[in-house]
Amino acid sequence: NDHFSELLSVASSSEAHSITLPTIVHVAVDKRSDDEIGLSLIEKNGSTVVSEVSKSGLFQSKLAEGCEILSVNGHKVRSPRSFIRMMKDVRGQIFVMASSSPSPPGAKFIVVKKSTLGYEEDEQGISFQKVNGVLRVQSIKEAGVFAETDIGEGDLCLSIDGVLAISENVAMRSLTRAQGNVALLVFPMANFWKSVVELTIDDKYDRWWKSR
């Protein structure tokens, strides 16, 4: 399938231009008790996605429609409701980790909080292998930080903290350099055929047709 091949090519070539992967942005805002958050959120495939940004809210010009909110002050955002609850209870400076743009159909951000890890590959709790030009998850340690996530062996790794995962070495360097939370953009192979259909529809048909 040509559409799926385009997505795979992003993982193996920094020159691929048919699909642009989102990067990771870190946004800081100062919140007072009467400040309006100014975000409309929806849940999409388990992710918290921005559907609208108010021109008078805290995140004006800081977040864009379609981006995904990943964490608040180091705490993973699990749903739109959890984000609103986090924002409601906190005052002062708030640090939000988000994607710069929507994820490609079928891809998903996995956010984990790194513990005190070393710089050796076996201490990261995950390993990668490049197969046919694509970086795939080779193994996940049972006691590692990735053991309780949705990442599975064989999944495609597209980026780590916004850095294209073009090789095993690049992926491991990105992991070791990450501080606090780290965001992996993966393509779960369990949803392979569902994602191929979504890619095809996304390319060929208008949004109104897909909604029906």
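Residues numbered from 1 in each chain as written. Predicted model: local features only at pLDDT ≥ 70, side-chain atom pairs only at ≥ 80, totals over all residues. Heavy atoms only, no water.

J.: Please provide a residue-by-residue account of the side chain of Lys31, values included.
T.: On the secondary structure map, Lys31 appears in strand β1 (residues 24-31). For the buried residue Lys31, which engages in no salt bridge, the nearest side chain bearing the opposite charge is Asp35, 6.7 Å off. A distance of 3.2 Å separates a polar atom in the side chain of Lys31 from the backbone oxygen of Met87. Filtering out sequence-adjacent residues up to four positions away, Lys31 remains in contact with Leu58, Met87, Lys88, Val90, Arg91, Gly92 and Ile94. (Helix = DSSP H or I, 4+ residues; strand = E, 2+ residues; numbered from the N terminus. Buried < 20%, exposed > 50% of the residue type's maximum accessible area, 1.4 Å probe, protein only. Lys, Arg positive; Asp, Glu negative; His and termini not counted. Salt bridge = Lys/Arg side-chain N within 4 Å of Asp/Glu carboxyl O. Polar contact = N/O pair within 3.5 Å; in protein donor to acceptor, adjacent residues only side chain to side chain. Contact = heavy atoms within 4.5 Å.)

J.: Run through the pattern of salt bridges, naming residues and quoting values.
T.: Applying the stated rule across the entire model yields 2 salt bridges. With its nearest N and O atoms 3.2 Å apart, the salt bridge here joins Asp35 to Arg32. With a shortest N-O distance of 3.1 Å, Asp150 and Lys108 are connected by a salt bridge. In this pair, Asp150 sits in the loop between β9 (134-140) and β10 (156-160) while Lys108 sits in strand β7 (residues 108-113), placing the two residues 42 residues apart along the sequence. What makes Asp150 exposed here is its relative accessible area of 57%. Take Lys108: its relative accessible area is 21%, and that puts it in the partly exposed class.

J.: Describe in detail the nonpolar core, supporting the description with residues and values.
T.: Counting 20 residues, the largest nonpolar core has Leu39, Phe59, Leu63, Ile69, Phe83 and Met87 as its most contacted members. When residues of this core are traced back to their parent elements, those giving at least two are β1, β2 (39-44), β3 (47-53), β4 (69-72), α2 (80-89) and β6 (92-99). Tallying contributions element by element places β6 first for this core, with 3 residues. Once residues within four sequence positions are removed from consideration, Phe83 is found in contact with Ile37, Leu39, Leu41, Phe59, Ile69, Val72 and Val77. (Core = buried A, V, L, I, M, F, W, Y, C linked by side-chain atoms within 4.5 Å.)

J.: Account for α2, naming residues and giving values.
T.: All buried positions along α2 are accounted for by Pro80, Ser82, Phe83 and Met87. One side of α2 holds all its buried residues, which, seen down the axis, span an arc of 165 degrees. Facing away from the buried side of α2, by more than 90 degrees, are the exposed residues Arg81, Lys88 and Asp89. Looking at the buried side of α2, the elements it contacts are β1, β2, β3, β4 and β6. (Arc of directions from axis to C-beta.)

J.: Provide a residue-level description of the environment of Glu43, including the pertinent values.
T.: Structurally, Glu43 is set in strand β2. Sequence-distant contacts of Glu43, that is, excluding residues within four places in its chain, are made with Ser79 and Pro80.

J.: Pulling in residues and values, what's your account of the packing of aromatic side chains?
T.: The relation between two aromatic rings is expressed through the spacing of the ring centres and the mutual angle of the planes. A full pass over the atoms with the stated rule returns 1 aromatic pair. Ring centres 6.4 Å apart and planes at 50 degrees place the aromatic pair Phe59 and Phe83 in the tilted group. A residue pair is termed long-range when its members are at least 10 positions apart, and Phe59 in the loop between β3 and β4 and Phe83 in helix α2 qualify at 24 residues. The exposure class assigned to Phe59 is buried, which follows from its relative accessible area of 0%. When its relative accessible area of 0% is taken as the criterion, Phe83 is described as buried. (Phe/Tyr/Trp six-rings, centres within 6.5 Å; stacked < 30°, edge-to-face > 60°.)

Remember that the coordinates give geometry; whether it matters functionally is a separate question.
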